[in-house]
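What follows is the residue order along each chain.
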Amino acid sequence: MEKRVLGRTGWNVTVISFGAIKLPRASQEECTEVLNRALDLGVNFVDTADCYGDSEEKIGRALKRRRKEFYLATKVDQRDGEGARKTLERSLKRLQCDTIDLIQLHDCRDYDYDMAMAPGGVYEELKKAQTEGKVREIGITCHSSINTMRKAIESGKFATIMVSYNLLDRERVGTEVIPSAHEHGMGVIAMKPLAGGRLADARELADLKAGEMSLAQMALRFILSNEMVTCAIPGVTKVSELEQNLKVAEKVQKLSAEEMRELVKRVGDVGKDFCRNCGYCLPCTQGINIPDVFRFEGYYVRYGMKEWAREQYAALEVKVEECAECEKCIEKCPYGLDIPQLLKKAAEVLAA
């Protein structure tokens with residue numbers, strides 16, 4: 001399987017690695033099977049997070065005897081040092097290991113990046129943990145804020161950056177963020193490579209001709225055609241999904257111009273109601289954090305993180321019910337989404 005160097009970590013990681021966000025949807029037996037199959041096939045990078053339900057526990061149980069065979073990454077949501085330390089210690093216990101290879105500040109935004117980086121903040125505490133040997137490298141993940149991505153890259157403090165990068169969400173980070181991170185020696189990890197599952201339709205597989213690539217495989221080829229991307233971490237729970245994804249990694253073939261046109265055509269209307277979390281719709285006249293609402297809906301619907309998604313929505317200061325349907329957000333949305341109507345649909349599941 002093809003590998004690329006994860007920035008200044010110097011680690012050679014498989015271009016298709018293992019995203020563990022969906023593991024809470026599967027039984028321990030299923031998780032043990034798919035995780036071990038991944039390692040058997042050569043995957044050597046596994047990414048999870050403290051907030052991904054029982055993902056860390058399942059990885060710990062499944063792979064504790066194979067810990068030296070792969071790089072392990074997880075994330076912390078807290079922005080204060082004390083909270084970050086508690087989360088880190090809990091993750092170590094759940095993962096049944098003494099050292100985490102890559103610890104990442106999770107989902108940093110404009111309003112909390114400075115807090116995380118301030119004295120006594122999470123970054124300072126993680127640096128202490130690094131000197132203690134509990135973590136090897138420190139990275140950051142950003143879902144939407146280009147400004148925060150710029151700050152993180154230019155700070156020189158992070159070994160890696162994880163960004164949302166896929167066929168439906170490629171323009172914002174593909175032209176500026178990824179090249180800049182690469183120039184600064186950072187490893188680039190592509191999360192949501194299949195747009196939260198929208199580019200992985202299992203029904204399509206039954207209609208494929210012999211030798212034809214699935215939409216998911218083509219979408220992964222699109223990401224890996226960008227040599228500045230170190231790896232993609234599609235979330236899987238089934239061995240069949242894993243094996244389909246890994247076929248792309250045997251020898252990465254860049255998409256030709258003709259294949260790219262075909263891929264865009266195959267995607268068709270998939271992106272009609274897909275929020276890219278670009279934030280151009282903000283500020284909302286009523287103060288609704290529109291991208292967050294859609295992100296939590298995605299975690300609920302496509303990743304099965306129902307309880308967590310509802311808790312996050314409940315913590316928002318302004319709920320969807322405050323929407324005045326002024327349609328200012330529609331005017332600002334570069335993708336022409338009917339945001340007020342999509343917000344109502346999101347609230348139906350998040351506020352139930």
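Within any chain, residue numbers begin from 1 and follow the written order of that chain's sequence. Residue-level local features of this predicted model are given only where pLDDT is at least 70; pairs of side-chain atoms are given and counted only at 80 or more, and the full residue set underlies all totals for whole chains, interfaces and linings. Computation of side-chain values: all heavy atoms of the structure, hydrogens and water removed.

S.K.: Teacher, can you tell me more about the packing of aromatic side chains here?
M.R.: Working definition: an aromatic ring pair is given by the centre-to-centre distance plus the angle between the planes. Classification of ring pairs uses Phe, Tyr and Trp, with its six-membered ring standing for Trp, and accepts pairs whose centres are within 6.5 Å; under 30 degrees between planes counts as stacked, over 60 as edge-to-face, and the remaining range as tilted. Taken as a whole and assessed by the stated rule, the structure comprises 6 aromatic pairs. Centre to centre, the rings of Tyr-123 and Phe-158 are 5.4 Å apart; their planes meet at 70°, and the pair counts as edge-to-face. Residue Tyr-123 is found in helix α5 (residues 122-131), and its partner Phe-158 is found in the loop between α6 (146-155) and β8 (160-164); the two are separated by 35 residues along the sequence. As far as burial versus exposure is concerned, Tyr-123 and Phe-158 are alike and both buried. Each helix corresponds to a stretch of at least 4 residues labelled H or I by DSSP, and each strand to a stretch of at least 2 residues labelled E; elements are numbered beginning at the N terminus. Here's how the labels work: a residue is buried when its accessible area is under 20% of the maximum for its type, exposed when over 50%, partly exposed in between, all with a 1.4 Å probe on protein chains only.

S.K.: How do you make sense of the pairing of strand β6 (residues 100-105) when you look at a structure like this?
M.R.: With 6 of 6 residues buried, β6 lies mostly within the body of the structure. A pair of strands is labelled paired if DSSP reports no fewer than 2 bridges between them. In the sheet, strand β5 (residues 71-76) pairs with β6 via 4 bridges, with the strands oriented parallel. Paired with Thr-74 across the two strands is Ile-103, which belongs to β6. Viewed along the sheet, the connection from β5 through helix α3 (residues 81-95) into β6 turns out right-handed. With its strands directed away from the observer, a crossover is right-handed exactly when the path from the first strand over the helix to the second travels clockwise.

S.K.: Would you mind going over the packing of α6 against helix α7 (residues 171-183) with me for this structure?
M.R.: Working note: a packed helix pair is described by the angle between its axes plus the distance between those axes. Only the stretch in contact is used when fitting a helix axis, every axis being a line fitted to C-alpha atoms; angles between N-to-C directions are given from 0 to 180 degrees. Running from amino to carboxyl end, α6 crosses α7 at an angle of 10°, the nearest separation of the two axes being 10 Å. Relative to α7, the element α6 is oriented roughly parallel. Contacts from Ile-146, Met-149, Arg-150 and Ile-153 of α6 reach α7 at Arg-172, Val-173, Glu-176, Val-177, Ser-180 and Ala-181. Any angle from 65 to 115 degrees is called roughly perpendicular, while one under 35 is roughly parallel, one over 145 is roughly antiparallel, and all others are oblique. Contacts are assigned to residue pairs that have any heavy atoms within 4.5 Å of one another.

S.K.: Please explain the nonpolar core as it appears in this structure.
M.R.: Burial of nonpolar side chains together is a common tendency in soluble globular proteins. We define a nonpolar core as any set of buried Ala, Val, Leu, Ile, Met, Phe, Trp, Tyr and Cys residues linked to one another through side-chain atoms lying within 4.5 Å. If you look at the biggest cluster of nonpolar residues, it comprises 80 residues, and the most contacted ones within it are Phe-18, Leu-35, Leu-105, Phe-158 and Ile-161. In terms of residues, this core owes the most to one element, helix α9 (residues 215-224), which gives 8 residues. Once residues within four sequence positions are removed from consideration, Ile-161 is found in contact with Ile-140, Met-149, Ile-153, Val-177, Ala-181, Met-186, Gly-187, Val-188 and Ile-189. With 29 residues, the next largest nonpolar core counts Ala-49, Phe-294, Phe-296 and Tyr-299 among its residues.

S.K.: What should I look at first to understand the pairing of strand β9 (residues 187-191) in this one?
M.R.: Successive side chains on a regular strand alternate, one facing one side of the sheet and the next facing the other. Taking burial as the measure, the 5 residues of β9 include 5 buried ones, the bulk of the element. Burial along β9 is two-sided: the residues Gly-187, Ile-189 and Met-191 and Val-188 and Ala-190 are all buried. Bridge analysis of β8 against β9 gives 5 bridges, and the strand direction is parallel. Among the inter-strand pairings, Ser-164 is bridged to a residue of β9, identified as Met-191. In terms of handedness, the path from β8 via α7 over to β9 forms a crossover that is right-handed. One ladder, built from 2 bridges, connects β9 with strand β10 (residues 231-232); its direction is parallel. Along β10, the bridge assignment pairs Ile-189 with Cys-231.

S.K.: How should the sheet that holds strand β7 (residues 135-142) be read in this particular structure?
M.R.: Think of a sheet as strands paired side by side through backbone hydrogen bonds, with each pair either parallel or antiparallel. A sheet is described by the order of its strands in space; here 8 strands give the open sequence β3-β4-β5-β6-β7-β8-β9-β10, paired in parallel fashion. Each having just a single partner strand, β3 (18-19) and β10 make up the two edges of the open sheet. Packed onto the sheet, α7 meets β8 and β9 and runs at close to 170° relative to β8.

S.K.: Would you explain the pattern of salt bridges in this entry?
M.R.: A side chain of one charge can pair with a side chain of the opposite charge when the charged atoms of the two come close. What makes a salt bridge here is a side-chain nitrogen of Lys or Arg within 4 Å of a carboxyl oxygen of Asp or Glu, nothing more. Per the counting criterion, the structure on display carries 28 salt bridges. Residues Arg-94 and Glu-57 are paired through a salt bridge, measuring 3.4 Å at the closest nitrogen-oxygen approach. One end of the pair, Arg-94, is in helix α3; the other, Glu-57, is in helix α2 (residues 55-63), and 37 residues separate them in sequence. Measuring nitrogen to oxygen at the nearest pair gives 2.8 Å for the salt bridge that ties Arg-109 to Asp-107. Each of the two residues, Arg-109 as well as Asp-107, counts as buried. One network of salt bridges, in which partners are shared, links Arg-85, Glu-89, Glu-125, Lys-128, Glu-132 and Lys-134.

S.K.: What is the right way to read the packing of helix α12 (residues 290-302) against helix α15 (residues 339-350) from this model?
M.R.: Here α12 crosses α15 at 45°, and the two axes come no closer than 10 Å. The orientation of α12 with respect to α15, classified from their angle, is oblique. Between α12 and α15 the crossing geometry is left-handed. Two secondary-structure elements touch here, α12 through Ile-290, Val-293, Phe-294, Phe-296, Glu-297 and Tyr-300 and α15 through Ile-339, Leu-342, Leu-343, Lys-345, Ala-346, Val-349 and Leu-350. As a working rule, the residues Ala, Val, Leu, Ile, Met, Phe, Trp, Tyr, Cys and Pro are called nonpolar, Asp, Glu, Lys and Arg charged, and the rest polar, with Gly in that last group. Classifying every residue of the contact of α12 with α15 gives 11 nonpolar, no polar and 2 charged. In a left-handed crossing the near helix is turned counterclockwise from the far helix by less than a right angle, and in a right-handed crossing that turn is clockwise.

S.K.: I tried to follow the side chain of Arg-79 on my own but got confused; where do I start?
M.R.: In this structure, Arg-79 sits in the loop between β5 and α3. A polar contact of 2.7 Å, which involves the side chain of Arg-79, links it to the backbone oxygen of Asp-77. Within the structure, Arg-79 has its side chain in polar contact with the backbone oxygen of Asp-107 (distance 3.1 Å). If we skip the residues at most four places from it in the chain, Arg-79 touches His-106, Asp-107, Cys-108, Asp-112, Met-115, Ala-116, Gly-121 and Val-122. Nitrogen and oxygen atoms within 3.5 Å of one another constitute a polar contact, given that in protein one can donate a hydrogen and the other can accept it, and given that sequence-neighbouring residues count only through two side-chain atoms.

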